[in-house]
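Listed below, chain by chain, are the residues.
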Amino acid sequence: MADGNYLYQFRLIMIGQSTVGKSSLLRQFKEGEYFPDISLTVGVDFHAKMIKVNGHSIKLQLWDTAGQDRFRAIVKAYYRNAVGGLLVFDITNRESFASLDDWYEEVMKYAEPHKPVFVLVGNKDDQSRQRQVTKEEGLQFAKSHNMDYIETSAKSGHNVEETFQRLSGRILQMVNSGEIKVEDGWDGVKRGEPLLGAGKKGAYRDNSYDSTVSLERDRRYQSSERKCCGRN
Ligand SMILES: Nc1nc2c(ncn2[C@@H]2O[C@H](COP(=O)(O)OP(=O)(O)O)[C@@H](O)[C@H]2O)c(=O)[nH]1
Ligand SMILES: [Mg+2]
């Protein structure tokens, strides 16, 4: 068996103004839960999750960024190595919608030479009575930037899984058609690695961690992972 335990790894980033619900969406996607008193993201958090797209296993590496200005310098370094992500605003917060152009321009500038694939997410649709941005406005912005538009609730879970599935499906299609190229030295898309010692119990597994880890811990994990076996 030389195919590895996933076909591709996609690195995705979450962008958008602070408090729109980026961390909550990830939490809901990964754990199927909503934590109302989620703590403010500091710098960049890292998550991973395996999903199935058209019957293929895809490993999603999810980078959750802090929207606060003072962290934006750190965040820029990660734009380049993302194949795409979620551009999130809060449908009950007009300002978060108005800031989308800035976010989009920034990510496109720093992602060069790669052109990341985004889905526009209008979050907090459980609070649609307080809506300040119409569905039509969301659709219009998405259309003019060649993105899909989807409304979600990290609180109820509405459309959360669907968002990641849809985005991953679109990226997989672009990889298969050659529109997105897998390149050495670029972490946006990676091919799955072979299973070392496949067939033996305790063979190399790549999908054994999926919790929020600091960058430092992740590096340590990856080196111990290569040595073999169990969870840390
Ligand atoms: N009602 C509602 N509140 C949400 C939703 N998503 C996030 N929140 C709340 O909005 C606040 C900011 O969420 P957070 O995930 O930290 O936003 P981030 O700064 O974009 O990561 C928190 O109080 C969340 O509980 C949602 O879908 N519905
Ligand atoms: Mg956050």
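These figures come from a predicted structure and were not determined experimentally. (Residues numbered from 1 in each chain as written. Chains lettered and ligands numbered in written order. Predicted model: local features only at pLDDT ≥ 70, side-chain atom pairs only at ≥ 80, totals over all residues.)

### Digging into the overall build of the chain
Along its length, the chain carries seven helices and seven strands. Helices (α) and strands (β) of the chain occur, in sequence order from the N terminus, as β-α-β-β-α-β-α-α-β-α-β-α-β-α. The 232 residues of the chain split such that 36% are buried. Sequence separation of at least 24 residues holds for 73% of the intrachain contacts in the chain that already meet a minimum separation of 6. (Helix = DSSP H or I, 4+ residues; strand = E, 2+ residues; numbered from the N terminus. Buried ≥ 20, exposed ≤ 12 C-beta atoms within 10 Å, placed from the backbone. Contact = placed C-beta atoms within 7 Å.)

### A closer look at the site of ligand 1
Every one of the 18 residues lining ligand 1 counts as a neighbour, but Gly21, Lys22, Ser23, Ser24 and Ala154 are closest to it. Looking at the shell around ligand 1 element by element, the count peaks at three residues for helix H1 (residues 22-31). Here the shell around ligand 1 is built from residues that sort into four nonpolar, ten polar and four charged. (Near = placed C-beta within 6 Å. Nonpolar A, V, L, I, M, F, W, Y, C, P; charged D, E, K, R; others polar.)

### Focus on the pairing of strand S5 (residues 117-123)
In terms of burial, S5 is largely enclosed, as seven of its seven residues are buried. Across the two faces of S5 the burial is the same, with Val117, Val119, Val121 and Asn123 and Phe118, Leu120 and Gly122 all buried. When strand S4 (residues 84-90) meets S5, the two strands line up parallel, connected through seven bridges. Directly across from Val88, in S5, lies its bridge partner Val121. With helix H5 (residues 135-144) bridging S5 and the parallel strand S6 (residues 148-151), this β-α-β connection has right-handed handedness. (Pairing = 2+ DSSP bridges. Right-handed = clockwise from strand over helix to strand, strands pointing away.)

### Description of the packing of H1 against helix H6 (residues 160-177)
Interhelical geometry of H1 versus H6 gives an angle of 90° and a closest axis separation of 9 Å. The orientation of H1 relative to H6 falls into the category roughly perpendicular. Taken together, the residues of H6 that come into contact with H1 (itself represented by Leu25, Gln28 and Phe29) are Val160, Glu161 and Phe164. Along the lines of polarity and charge, the residues of the contact of H1 with H6 split into four nonpolar, one polar and one charged. (Axes fitted to C-alpha atoms, helices over the stretch in contact; angles between N-to-C directions. Parallel < 35°, antiparallel > 145°, perpendicular 65-115°, else oblique.)

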